[in-house]
Amino acid sequence: MEEYEVDLRDYVRVLWKEKWIVIVTFLVAVGTALGISYRLPKHYRTETALLILPPLAREVGGEVAGTVYSPETYKSLALASDLLQEVAAKVYPKGERPSVLELQDRIKVEIEQTTAKEFPGRFPLYLRVSFTGTDPERLQQLAQAWTEGFTARNAQLFMSRAAQSYEYIKENFDEVEEELLAKEEEKRRYQQENPLEVLQAEVAVLQTDYKTYLDQLEEKRRELASKEATLAALKEALAQEPEYLTLERTVSNEALWNFLAQRATPEELSSLPSLTLEDQQLNSVYLNLRSQFASTQVAVKTLQEEIAYLESALSTTLAELKEKQARLVEVQAELERLDREISVLKSSYTSLAGKLQEARIAKAETAEPIRVVEAPVVPECPVGPNKKMNVAVAGVLGLFVGVLLAFFAHYLGSEGEKSPPPPPPGEGPDRA
């Protein structure tokens, strides 16, 4: 085999000879990179940072207790599928929303921690999360929703037992307080709809009216009995007393002489039965008794009507009184029930208030498990596409491809020069 020595000047001459291929390829690559870079949408990035403190607290006995998770656990919590679904639903309430995988591709989670010999250690973790996208305002909303969701979902996980007991007691305290206020409001409305003082006053008035009607009825009945006895006596006296009195009297001497002076015949004288005259006149005693009987009869009828009215009023008043008394008993029983429930709720409220104060003091000694140290803001300057980097990479690739094409073109040209030309027509090899 023949050894062939390669001279660098040969490569330079080849490149110089095929320089237009290299230049054109370089310009095409750079132009394509510029065109694609300007046509691609701008990408923005916003960041938020959380400081996660170890959930440590001084428990009973003076011992410090708590658990710190590994960095990978925090990354898994930050990219949880259910959390990202809630964030997407909150930021994109209408229309199409990105999937969980798309959000996970657009979110970058970094955890910084201080150096420690042993893990888990009692030191805070610095969680930095960056979000990339094409819409800067929606990007800031996405980061803010993620921060709120992550804090709300994992705050209980990172809390100490003292802080967790505070949340539990606070929840029960709020429920008891709300129930107590609702029960007091229910009592207030019930008292407005059923005023106890008014019912008691109405019952007292009805009791007074009932007693008054009862006394009047007894008095009228006694008076009626007396009038009825008087009426019976007057009726008996009227039955014994005649209505008219008959009076007999003789003819006066003057009348007699006048009659005789008329010279009556014996026959006329004999026709006269006697010389006695009878007169009738009203009996004044009978008239007096009749007048008393009529007035007594009217008084009896009046008393009977009054007694009937009083009996009706007494019956109506008694029915209304029983109804009001039953209503009063019902209202008093309901108010007593509400008072008992309110008393129980107040007792629970007071007890929970004391425990809540103790838990609040214990929580004050425990730091917040998650603190937002850098809130997301609307990005102003795009982070991509990086035109300079794209052009630089495209230029390098263009030069590399251009050099390859230049050497390939030179190779094809040199192979064409080495191959012998075809023989002219009619000058082929001799035939046998």
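Residue numbers here run from 1 along each chain, matching the order of that chain's written sequence. Totals for whole chains, interfaces and linings use every residue, but because this is a predicted model, local features are given only for residues with pLDDT of at least 70 and side-chain atom pairs only at 80 or more, for both listing and counting. Working from all heavy atoms in the structure, the side-chain values ignore hydrogens and water.

K.L.:
So what about the overall build of the protein chain? Which residues, and what values?
P.N.:
Looking only at helices and strands, one finds 12 helices and 8 strands in the protein chain. Methods summary: accessible areas were calculated by the Shrake-Rupley approach with a probe of 1.4 Å, and residue burial reflects only the protein chains presented. Working note: accessible area of the protein chain is about 30,000 Å², and carbon and sulfur atoms make up 55% of it. Every helix listed is a DSSP run of H or I at least four residues long, and every strand listed is a run of E at least two residues long, numbered separately from the N terminus.

K.L.:
Requested: an account of the packing of aromatic side chains, with residues and values cited.
P.N.:
Aromatic rings from Phe, Tyr and Trp, with only the six-membered ring used for Trp, were paired whenever their centres fell within 6.5 Å, and each pair was classed as stacked if the ring planes differed by under 30 degrees, edge-to-face if by over 60, and tilted otherwise. Within this structure, the stated rule accounts for 3 aromatic pairs. Centroid distance W146 to F150: 5.0 Å. Interplanar angle 15°. Geometry classified as stacked. Within this pair, W146 and its partner F150 are both found in helix α6 (residues 136–158), separated by 4 residues, close to a single helical turn. Ring-pair connections join several aromatic residues into one group, and the members of that group are F131, W146 and F150.

K.L.:
Give me the pattern of salt bridges: which residues, what numbers.
P.N.:
Criterion for a salt bridge: a side-chain nitrogen of Lys or Arg within 4 Å of a carboxyl oxygen of Asp or Glu. In total, this model carries 17 salt bridges according to the counting rule given. A salt bridge links K183 to E341, with the shortest nitrogen-to-oxygen separation between them at 2.8 Å. Taken together, the residues span a long stretch of sequence, with K183 in helix α7 (residues 161–193) and E341 in helix α11 (residues 284–364) at a distance of 158 residues. Where R189 meets E185, a salt bridge forms, and the shortest distance between an N and an O atom there is 3.7 Å.

K.L.:
Before we move on, could you go through the nonpolar core and cite the residues and values that matter?
P.N.:
Put simply, buried Ala, Val, Leu, Ile, Met, Phe, Trp, Tyr and Cys residues joined by side-chain atoms within 4.5 Å make one nonpolar core. The rule is simple: take the accessible area with a 1.4 Å probe, protein chains only, and divide by the maximum for that residue type; under 20% is buried, over 50% is exposed, in between is partly exposed. Formed by 27 residues in total, the largest nonpolar core has its most connected members in V87, L127, V129, F131, L142, W146 and F150. Breaking this core down by element, the ones donating at least two residues are β1 (44–52), α3 (71–78), α4 (81–91), α5 (100–106), β4 (107–113), β5 (125–133) and α6. A total of 6 residues in this core trace back to one element, the largest contributor, which is α6. Contacts are residue-level and defined by heavy atoms, with any inter-residue pair within 4.5 Å sufficient. Apart from residues no more than four positions distant in its own chain, V87 is found in contact with L142, A145 and W146.

K.L.:
Account for the confidence of the model for the protein chain, naming residues and giving values.
P.N.:
Counting all residues, the mean pLDDT for the protein chain is 78, and 74% of those residues have values of 70 or more. By mean pLDDT, the top-scoring element of the protein chain is helix α8 (residues 196–240) (89), and the lowest-scoring one is strand β3 (residues 64–65) (46). Long-range and interchain partners of residues 57–65, a stretch whose pLDDT sits below 50, account for 14 contacts in this model, where long-range means more than four residues apart. The predictor attaches a confidence to each residue, and that confidence, scored 0 to 100, is pLDDT.

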